[in-house]
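A look at the structure
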Amino acid sequence: MRKILKIFIILLCTTTVSCAKTSHSLKVNLKKKYTSKDLEILRSRLRTGDLIFQYTNSRVAKITKSLTSSPITHVGIVIANKDKIHVLEASRKVKFTELRTFLLKSKNGWLAIKRPIKELSYQQTQLINKELHNWLNKPYDFKFSWSNEKIYCTELVYKIYEAVGIKISGLQLISEIIEENKNNPVLKSYIEKVYRKKENIKQNQPILTPALLFHSEKLVYLKDEEGNWYNTFPYHINDSGP
C-alpha cells in the first residue's frame, strides 16, 4: 500500500511540475484590442521573416480547422523595413496588411509568433524583400495546387524561404490529407464545390497546412520581455518550445 501511495505521489508531483512549466511558458492574453504600447513593444521585437500564426474565421479557415483538427488556420510573414512593420499574406490575393489590422483578424485573439532557429542574415532578409515582389497580387489558390499562378498562405511562406535557401518545413501529399479525412463530410463538400469530383484532384502534389508549418522543428517562439512565448492559443495545441 505504501509503495502504491509513493508511486502516486511521484506521478502527481511530476504532472504538477510539467503543468507549471507549460503555464509559465505560455503568454495568455486574449484581448482583441491592442494599445499603442502593445504594438510598440511588439514592433521592437519583430524582424523580417517572423511568422504570425492565427485562428481566423474565413470559409477556408473553417475547412482547414476541420481537416487538420487544429485552430491554426492562417499565417503571414513579417516584413520589417525601417520603422514600418507589415505582414505579407495570401488572403484572396497576396498583399501587405498593416500589423494591427492583421492581429485583429485573429478570432478570439488567438495567435502565435515564431521565427527561424537560426537568425536570418542581412543578405537573406534582402532576398526576402526582393522575392516577395514575385508574388504580390497573385490570386488565392482554393485548389491548393502548388503552382506559381495562384498561391495559398503557407505555400507563400514556404516558397519565399525556399528562395533564400531555407527549407522551413516538411510537406505532405494531398493524398495524405484525403486519406486522413476520407470520412469527413467537410472534405467531401469542398471537393464537390471546388473540384467537382475527386478525380480532378492532383493527389501527388505537395501541400503544407498551417498546423504542419507551426510545428516545424526549424521554428522557435518569439518571446516577450519576460521570456514568455508569444502564443495565445489554447493549451491543447501547445508544444514544447523551444
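Residues numbered from 1 in each chain as written. Predicted model: local features only at pLDDT ≥ 70, side-chain atom pairs only at ≥ 80, totals over all residues. Heavy atoms only, no water.

A short note on the overall build of the chain
Formally: Counting from the N terminus, the helices are the DSSP runs of H or I reaching at least four residues and the strands are the DSSP runs of E reaching at least two. Note on areas: Shrake-Rupley, 1.4 Å probe, and residue coverage restricted to the protein chains presented here.
Tallying secondary structure elements over the chain gives nine helices and eight strands in all. Of the roughly 13,800 Å² of accessible surface on the chain, a fraction of 55% belongs to carbon and sulfur atoms.

Remarks on the pattern of salt bridges
Under the convention used in this document: What makes a salt bridge here is a side-chain nitrogen of Lys or Arg within 4 Å of a carboxyl oxygen of Asp or Glu, nothing more. Buried, partly exposed and exposed residues are distinguished by accessible area as a fraction of the type maximum, computed with a 1.4 Å probe on protein chains only: under 20%, between the cut-offs, and over 50%, respectively.
Under the counting rule described, the total for this entry stands at five salt bridges. For E98, the salt bridge is made with R43, and the minimal N-O distance between the two is 3.2 Å. Of this pair, E98 sits in strand β4 (residues 93-98) while R43 sits in helix α2 (residues 36-45), placing them 55 residues apart in sequence. Relative accessible area serves as the criterion here: at 30%, R43 is assigned to the partly exposed category.

What to know about the side chain of H74
This is how it is decided: Polar contact is defined as a pair of N or O atoms within 3.5 Å, subject to the rule that within protein one atom must be able to donate a hydrogen and the other to accept it, and that residues adjacent in sequence are counted only when both atoms are side-chain atoms.
With respect to the helices and strands, H74 occurs in strand β2 (residues 74-81). Residue classification places H74 among the buried residues on the basis of a relative accessible area of 8%. A distance of 2.7 Å separates the side chain of H74 from the side chain of E89, its partner in a polar contact.

Quick look at the pairing of β4
Condition: Strand pairing requires that DSSP identify at least two bridges connecting the strands.
When strand β3 (residues 84-91) meets β4, the two strands line up antiparallel, connected through six bridges. Bridged to A90 within β4 is V94. Turn length for the β3-β4 hairpin, with the two strands adjacent in sequence and antiparallel, is one residue, and the turn residue R92 shows positive phi of about 70 degrees.

Remarks on the nonpolar core
The condition is simple: Within this scheme, the nonpolar core is defined by two criteria: the residues are buried Ala, Val, Leu, Ile, Met, Phe, Trp, Tyr or Cys, and they are joined through side-chain atoms within 4.5 Å. Working rule for contacts: check all heavy atoms of both residues, and any pair within 4.5 Å makes them a contact.
L51, F53, Y161 and L213 are the most contacted members of the largest nonpolar core, which has 50 residues in total. Here this core gets six residues from one element, more than from any other, and that element is helix α6 (residues 153-163). Discounting chain neighbours no more than four positions away, the residues touching L51 are V75, G76, I77, A112, I113, K114, V157, Y161, L213 and L219.

Things to note about the packing of aromatic side chains
Operational definition: Under the pairing criterion, centres of Phe, Tyr and Trp rings, with the six-membered ring standing for Trp, must be within 6.5 Å; the plane angle then separates stacked pairs below 30 degrees from edge-to-face pairs above 60, leaving the rest tilted. In this scheme, the term charge over a ring applies when either NZ of a lysine or CZ of an arginine sits within 6 Å of the ring centre and within 35 degrees of the ring normal.
Within this structure, the stated rule accounts for 12 aromatic pairs. Seen from their ring centres, F53 and F214 are 5.1 Å apart, and the 90 degrees between their planes marks the pair as edge-to-face. In this pair, F53 is assigned in strand β1 (residues 51-54) and F214 in helix α9 (residues 210-214), connecting sequence segments 161 residues apart. In this pair, the class of F53 matches that of F214, namely buried. Each member of the aromatic cluster is reached from another via a ring pair, and the members are F53, Y55, W110, F214, Y221, W229 and F233. Residue placement shows K114 over the ring face of F214; its charged tip is 4.0 Å from the ring centre.

Side note on unusual backbone geometry
The residue N108 is not glycine, and still its phi comes out positive at about 65 degrees. Its identity is not glycine, yet N137 carries a phi of approximately 75 degrees, on the positive side. Residue placement: N137 occurs in the loop between α5 (122-131) and α6.

Quick word on the sheet that holds β3
Put simply, the rule reads: Axis definition: a line fit to C-alpha positions, over the contact stretch in the case of helices; interaxial angles, taken between N-to-C directions, run 0 to 180 degrees.
Within the open sheet, the six strands sit side by side as β4-β3-β2-β1-β5-β8. Their pairing is antiparallel. Only two strands of the sheet have a single partner each, and these edge strands are β4 and β8 (219-221). The sheet shows a mean angle of 35 degrees between the axes of neighbouring strands, taken without regard to direction.

Examining the pairing of β2
When you tally the buried positions in β2, you get six out of eight residues, the bulk of the element. Across four bridges, β1 lies against β2 in antiparallel orientation. Paired with I52 across the bridge in β2 is G76. As paired strands, β2 and β3 are joined by five bridges and run antiparallel to one another. Along β3, the bridge assignment pairs A80 with I85. From the end of β2 to the start of β3, which pair antiparallel, there are two residues, and K82 there has a positive phi angle of about 55 degrees.

A closer look at the environment of V60
Assignment of secondary structure puts V60 in helix α3 (residues 59-68). The class for V60 is buried, based on a relative accessible area of 12%. Along the sequence, V60 and T73 sit 13 residues apart, while their C-alpha atoms lie 8.2 Å from each other. Excluding anything up to four places from it in sequence, V60 contacts Y140, F142 and F144.

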